[in-house]
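Report on the structure
Here are the chains, one letter per residue:
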Amino acid sequence: MSRARRLPLLLVVVVALVATGVVTTLQTATNPSQLPSGLSVLLNAESTALYCTGTFTQSARPGRVAFYNSSSATRRLSVSVVSDTGHVFTTSIELAGHANQAIDPSAVDHGHNFAVAVQVSGGGVVGEEISGSLRTEVPCAAAGVTQWYGAGFDTLVGSSAYLSVYNPTATSAVLNASIYTSSGFSAPQSFQGISIPAHAQSKINLGTEVVNTANVGVGIKVVRGSIVVVGVQNANGVITFNPGVTGATNESWFPLVTTDQGATAQIRVANPNNQSANVVLDVGLGSYHVVPQTLTLAPFSSGLLKVTPNPAIPAAGYAALTLHSSEPVVSQLATGTRNWFSLSSPVTPGDAFLVNDFTDVGFGAATVTNISSRPITVDVSSYLSSSLTVVHDDGAIKLSGGQTQSLFMTIPSFSSTPSATYLVSSSKPSLVVTLTLPTSPPGVYVVAPLDGR
């Protein structure tokens, strides 16, 4: 199948999985929940919506938004593209069952960054934003949120960070933004009472108030209406779409973290609480015994834990990390080299995920992890059109408590360039699926599977 035909189809794969909970700027979080996406909506719904923001023009390689219809019925998509300059373009798409189609917002509208709003005649349609570099992506949301958190942004010289905010409602939305850095909390006056007009997209440039600063955390509280937010990090020309989270958590998992000598890897953490957070990072790395790494975060501040390079952690392939915190925190994995980094969010455990080669470049690594202390069984099936075919002939994969296993070694047909979409499901909602793209050094681009719940 040609690259042009495969790319949009494979984009159904990626929905950023986030650990979320109810939290305000100065309050601790409650139980996490999933950010809304198109697959969380019933197929028999009369109408649904998708909202995508953060797409921008990157030199000769513009970003794009792709839609996939996971149902067997044709769906009509009413599409509206809005830009940061206020231009609006509308069109419609007839999307057949199990079909896909992509649009390039910069080709139909004028501006520098864009939001795309879609009204769908039914359920089961998902959307995905992808950068022109094919190295970062973020899911479209099915609804706005009233609070949002991101961590790990840099505004150092050579880098930039901004928040792309879209208002999906018919009335103006108003938000306040707070900043967490290594020196503590700030609430810049220009970040308070920001108004986003109805159905409009706006850009909040963090660098206007947080100058030449590394590891910036952001908290947004919406005081009227709801919004869709995507953080965009440019680290010396390498772009990251950061979907963020709607709350902090006490535990996060990062099963595929590179320890290659040519790479860098950090866990960047923001503490949005009025209590200090004692953070412990457990490191699993083959037969090596690695002493847990620790960090104490002051209230409303940010910090980081170095994984690579770190004299306490050998350069021995991929490490499996588990973060524990005494207070709910927001964590992000930053991977790259000495000159740039890419951000990725921890995957929320679940019982079903979809995996596919959405960038058409294959995978560098793919694993399944049982984050619980009890054993689980994992089934892997291939998704072709409307059918599912079991591909693991030896029966379900059995994972003991805390075990991580490679899909490459387990599923013979799951190669570094799989041609099918795979449904990975488990007997309990304690499964995490993690993927990296093939890069040198390995593991510097971590991507998330689609949460199939």
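Residues numbered from 1 in each chain as written. Predicted model: local features only at pLDDT ≥ 70, side-chain atom pairs only at ≥ 80, totals over all residues. Heavy atoms only, no water.

1. Some points on the nonpolar core
For clarity, the threshold we go by: Buried Ala, Val, Leu, Ile, Met, Phe, Trp, Tyr and Cys residues that are joined via side-chain atoms within 4.5 Å together make up what is termed a nonpolar core. Accessibility here uses a 1.4 Å probe with only protein chains present; expressed as a share of the type maximum, an area under 20% marks a residue as buried, one over 50% as exposed, and anything in between as partly exposed. Contact criterion: two residues are considered in contact whenever any of their non-hydrogen atoms come within 4.5 Å of each other.
Counting residues in each nonpolar core, the largest one holds 53 residues, and the members touching the most others are Phe153, Leu163, Leu175, Val218 and Ile220. Every residue in contact with Val218, bar those within four places of it in the chain, is listed here: Trp148, Tyr149, Gly150, Phe153, Leu163, Ser178, Ile179, Tyr180 and Leu206. Counting 22 residues, the second-largest nonpolar core is a separate cluster that includes Phe254, Leu295, Leu305 and Leu323.

2. Some words on empty space enclosed by the protein
Filter applied, for reference: A 1.4 Å probe that fits into a set of points on a 1 Å grid over the protein atoms alone but cannot get out defines a cavity; an open set with protein on both sides within 12 Å along at least five of seven lines defines a pocket, and lining residues are those with an atom within 4 Å of a point. Grid points are joined across faces, edges and corners, and a volume is the space filled by probe spheres set on the points. We count a stretch as a helix when DSSP gives it H or I for four or more residues in a row; a strand needs E for two or more, and each element gets its number in order from the N terminus. Polarity classes work like this: nonpolar for Ala, Val, Leu, Ile, Met, Phe, Trp, Tyr, Cys and Pro, charged for Asp, Glu, Lys and Arg, and polar for all others, with Gly in that last group.
Under the defined criterion, the tally for this structure stands at three cavities of 30 Å³ or more. In terms of lining, the largest cavity is formed by 26 residues, of which the most central are Ser344, Ser345, Val446, Val447 and Ala448. Every element with two or more residues in the lining of the largest cavity is listed here: β17 (238–242), β18 (249–258), β24 (318–336), β25 (341–344), β33 (431–436) and β34 (446–447). Among the elements that line the lining of the largest cavity, the one with the most residues is β18, at four residues. Grouping the amino acids of the lining of the largest cavity by side-chain chemistry returns 17 nonpolar, seven polar and two charged.

3. A look at the environment of Gly231
Note on placement: Gly231 falls in strand β16 (residues 228–235). Every residue in contact with Gly231, bar those within four places of it in the chain, is listed here: Trp148, Phe153, Tyr162, Leu163, Thr240, Phe241 and Asn242.

4. Describing the confidence of the model for the chain
To be explicit about the condition: Scored from 0 to 100, pLDDT records how confident the predictor is in each individual residue.
Confidence in the prediction for the chain averages 84 pLDDT; 83% of positions are at 70 or higher. In the model, residues 1–41 has pLDDT below 50 throughout and makes 153 contacts with residues more than four positions away in sequence or in other chains.

5. Overview of the sheet that holds β17
Under the convention used in this document: In short, DSSP must find at least two bridges between two strands for them to pair. Think of each axis as a best-fit line through the C-alpha atoms, taken over the contacting stretch in the case of a helix, with angles from 0 to 180 degrees between the N-to-C directions.
Strand order in the open sheet made by the four strands is β14-β10-β16-β17, with antiparallel pairing throughout. Two strands in the sheet have a free side with no partner beyond their single neighbour: β14 (201–205) and β17. For this sheet the average axis-to-axis angle between neighbouring strands, irrespective of direction, equals 20°. Where strand β10 (residues 159–166) and β16 come together, eight bridges link them in antiparallel fashion. By the bridge assignment for β16, Tyr162 is matched with Val232.

6. Describing the pattern of salt bridges
The cut-off we apply is this: For this analysis, a salt bridge means a side-chain nitrogen from Lys or Arg found within 4 Å of a carboxyl oxygen belonging to Asp or Glu.
Using the criterion set out here, one finds two salt bridges in the structure. Between Arg76 and Glu94 there is a salt bridge whose closest N-O contact spans 2.6 Å. With Arg76 in strand β3 (residues 75–83) and Glu94 in strand β4 (residues 88–95), the pair connects residues that are 18 residues apart, well separated along the chain. The exposure class assigned to Glu94 is partly exposed, which follows from its relative accessible area of 48%. Ionic pairing is found between Asp154 and Arg268, a salt bridge with its closest N-O pair at 2.8 Å. Placement of the pair is Asp154 in the loop between β9 (147–153) and β10 and Arg268 in strand β19 (residues 264–271), with a sequence separation of 114 residues.

7. What about the sheet that holds strand β8 (residues 137–139)?
Overall, antiparallel pairing links the four strands, which are arranged β5-β2-β7-β8 in an open sheet. The open sheet has two free edges, formed respectively by β5 (100–103) and β8, since each of these has just one partner strand. Between one strand and the next, the sheet's axes are offset by a mean angle of 20°, whatever the strand orientation. Summarising the sheet, strand β2 (residues 64–69) and strand β7 (residues 125–130) pair through six bridges and their orientation is antiparallel.

8. What to know about the pairing of β16
With seven of its eight residues buried, β16 lies for the most part within the structure. Sheet topology note: the β16/β17 ladder contains five bridges and is antiparallel. For Gln233, the partnering residue across the bridge sits in β17 and is Thr240. From the end of β16 to the start of β17, which pair antiparallel, there are two residues, and Asn236 there has a positive phi angle of about 55°.

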